[in-house]
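# Residue-level structural notes
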Amino acid sequence: MKDFYDVVIVGASSAGAYFARKMAERGFSVLVLEKETPETLSREYDVFHMGRAEMARYGLPQVQPGDGVYCFAFTDDTQYSPYGQHAKPGKTDVIGMHKNGYMLRMDAWAEEAGAEILYGACYNDALYENGRISGVRFTLDGAPAQVGCRLLADCSGKQAVVRRSLPDTYGIEKFALTARDVFFVKLRYIKFEEPMERWLKSQFYLFYKIWIAPSDDSADAILGVGSSCSYEVGEKFYQLFCKNVRTPPYRVVREEVGTTPYHRALYSFVADGFIAMGDAACLTKPNNGEGTTAALALEEIAADVAAAAMQGGAYPTRDALWPINKRYNDGQGKEFAMVLAAFARAVSHSIKMNDFLYAHDAIFSKKIIGAVGGSSGIGPGEIAKAVFFILYGMATGNIKPTEIGGMLLGGVKAVRVLLHYARYPANPAGFPAWVKKADRLWDSVGQMADYQIEI
Ligand SMILES: Cc1cc2nc3c(=O)[nH]c(=O)nc-3n(C[C@H](O)[C@H](O)[C@H](O)COP(=O)(O)OP(=O)(O)OC[C@H]3O[C@@H](n4cnc5c(N)ncnc54)[C@H](O)[C@@H]3O)c2cc1C
């Protein structure tokens, strides 16, 4: 370890490893501090998923069957109505991998480019010179240590240990995630008494937020339940699912639980000599809570901008790093914000309404569900059809006006959020006014936890 690095990154999981690789590739000296050991790294849960296209798009390390990291791949992805009779088949291309193994592979990939990774190194606090970040204090295998840097990156996950340790006046939000701000996920690895083809494919039941997908060799499938508010709420939906959807008999081989951020991303990711990325910046996909690839769009921009800001030994000031905020929010940032706002209310409706809309392929239609999180391609025909079935549903008592009113209002607010993010300020001068309005919009949108229905 040297006394000084251009970049110090806290956290050697997906966000930290990717940024380390990108900065090392550009010729900067990079040190990554990771409190876990290689054996204990990323062990909160075992199997995780990444889209094959995203892995290719960001040039991530590849995996192969039989290499000890690869678990499975699937391309079929069907959405089901609450009683399981209305299926909307779709296509995807997803790879399942062991998380610990793949994170070690990403770390090795960063090291190949020249980054140094210290395991057993726990961040304590930042060092400052003239009020600006100039290094970090940490413990290495329990002994105090420190190192200087120009840029400090918080990739420490949802605990966000770095941004939360900065002075209140440093220009970075310091909030901690509460139970209202996360999605509670419980994974059951299940084995069927008699495996049946359909149940070994990816299938999603929106009403219960339940997903059944392939597993590694230890089980036939993974049954995941996601829920706002608490694990107990998720269990109630799981019990209702078991009552309403006929699955072949299965036993649970093992269970895993964990939370994933379900909160708008930081308004600003940057400050003097500082950037937050990954879960530390609340960068998860708003439609499913996945975060490993969600963070890459920001990180790719961050590596470009930070490299330019640090050219010739320059200190990366907040002003010089600001284009990271602007470029991110001009793209993925505004889309994620819109979907997050829309989802706050979209899932708050009765089983009856959900079933009705699935049956008539309206709102929860193949086209709209398929478009979530991506470019929509939804035309006037789809909207007219949705309006027709909403009116028909109200006339026949399948949809309550309050339910659909809330959903439509949520849609309107989501568009307002999109428009506001599209006007993200090009420099810090316009930021306070932008934040004021953004706060008002998010307050009026609320969160999924605010609209959780009782069952
Ligand atoms: C049950 C469950 C299933 C999920 N499934 C998927 C999935 O299939 N696909 C997907 O994309 N996402 C999934 N997610 C979300 C995904 O796990 C996270 O979004 C992703 O891991 C975030 O990556 P990160 O690098 O930002 O943070 P993390 O993976 O949390 O890594 C942060 C790192 O920082 C280290 N650290 C923390 N504090 C310190 C400190 N003081 N000093 C030094 N190091 C420190 C930690 O040890 C850790 O290694 C799932 C989440 C859960 C809970």
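These figures come from a predicted structure and were not determined experimentally.

### Focus: the nonpolar core
- By size, the foremost hydrophobic cluster in this structure holds 121 residues, and its most contacted members are Phe19, Leu60, Tyr102, Leu152 and Trp442.
- By residue number, the principal contributor to this core is helix H6 (residues 318-346), which donates 11 residues.
- Ignoring any residue separated from it by four or fewer positions in sequence, one finds Phe19 in contact with Val7, Ile9, Leu151, Ala153, Met277, Glu299, Ala302 and Ala303.
- Counting 20 residues, the second largest nonpolar core, distinct from the first, contains Trp199, Tyr205, Ile210 and Ala221.

### Some details on the packing of helix H10 (residues 401-422) against helix H11 (residues 431-445)
- Two elements in contact, H10 and H11, have axes whose closest approach is 10 Å; the angle formed by their N-to-C orientations is 165°. What the angle tells us is that H10 and H11 run roughly antiparallel. Of the two elements, H10 crosses H11, and the hand of that crossing is left-handed. Between H10 and H11, the contacting residues are Lys413, Arg416, Val417, His420 and Tyr421 on the first element and Trp434, Lys437, Ala438, Leu441, Trp442, Ser444 and Val445 on the second.
- Among the residues making up the contact of H10 with H11, the classes are represented as seven nonpolar, two polar and three charged.

### Quick look at the site of the ligand
- In the neighbourhood of the ligand, 31 residues make up the surrounding shell, with Ser13, Glu34, Tyr45, Asp279 and Thr292 lying closest.
- A distance of 2.5 Å separates an oxygen atom of the ligand from a polar side-chain atom of Tyr45.
- If the ligand stood free it would expose 1,000 Å²; the protein chains cover 91% of that surface.
- In terms of residues, the shell around the ligand owes the most to one element, strand E7 (residues 121-129), which gives three residues.
- Counting only domains with at least three residues in the shell around the ligand, you end up with domain 1 (4-61 + 99-174 + 264-316) and domain 2 (179-261).

### Some thoughts on the sheet that holds strand E10 (residues 182-192)
- Taking strand neighbours across the sheet as the criterion, the eight strands line up as E3-E5-E4-E11-E12-E13-E10-E14 in an open arrangement whose pairing is mixed. Only two strands of the sheet have a single partner each, and these edge strands are strand E3 (47-51) and strand E14 (250-261). On average, adjacent strands in this sheet sit at an angle of 30° to one another, irrespective of strand direction.
- Where E3 meets strand E5 (residues 87-98), five bridges bridge the pair, whose relative direction is antiparallel. Across the sheet, residue Gly51 finds its bridge partner in E5, namely Val94.
- On the sheet, helix H3 (residues 99-112) packs against E3 and E5 and is oriented at approximately 65° with respect to E5.
- Across the sheet, helix H4 (residues 231-244) touches E10, strand E11 (202-205), strand E12 (210-214), strand E13 (221-227) and E14, and the angle it forms with E13 is around 125°.

### Details of the environment of Gly157
- Of note, Gly157 is situated in the loop between strand E9 (143-154) and E10.
- Note: C-alpha distance between Gly157 and Leu140 (17 residues apart in sequence) is 19 Å.
- Setting aside residues no more than four positions away along its own chain, Gly157 makes contact with Asp279 and Ala280.

Criteria and thresholds
- Residues numbered from 1 in each chain as written.
- Predicted model: local features only at pLDDT ≥ 70, side-chain atom pairs only at ≥ 80, totals over all residues.
- Heavy atoms only, no water.
- Core = buried A, V, L, I, M, F, W, Y, C linked by side-chain atoms within 4.5 Å.
- Buried < 20%, exposed > 50% of the residue type's maximum accessible area, 1.4 Å probe, protein only.
- Helix = DSSP H or I, 4+ residues; strand = E, 2+ residues; numbered from the N terminus.
- Contact = heavy atoms within 4.5 Å.
- Axes fitted to C-alpha atoms, helices over the stretch in contact; angles between N-to-C directions.
- Parallel < 35°, antiparallel > 145°, perpendicular 65-115°, else oblique.
- Left-handed = near helix turned anticlockwise from the far one by under 90°.
- Nonpolar A, V, L, I, M, F, W, Y, C, P; charged D, E, K, R; others polar.
- Near = heavy atom within 4 Å.
- Polar contact = N/O pair within 3.5 Å; in protein donor to acceptor, adjacent residues only side chain to side chain.
- Areas by Shrake-Rupley, 256 points an atom, 1.4 Å probe, with all protein chains shown as cover.
- Domains from an automatic or database assignment.
- Pairing = 2+ DSSP bridges.

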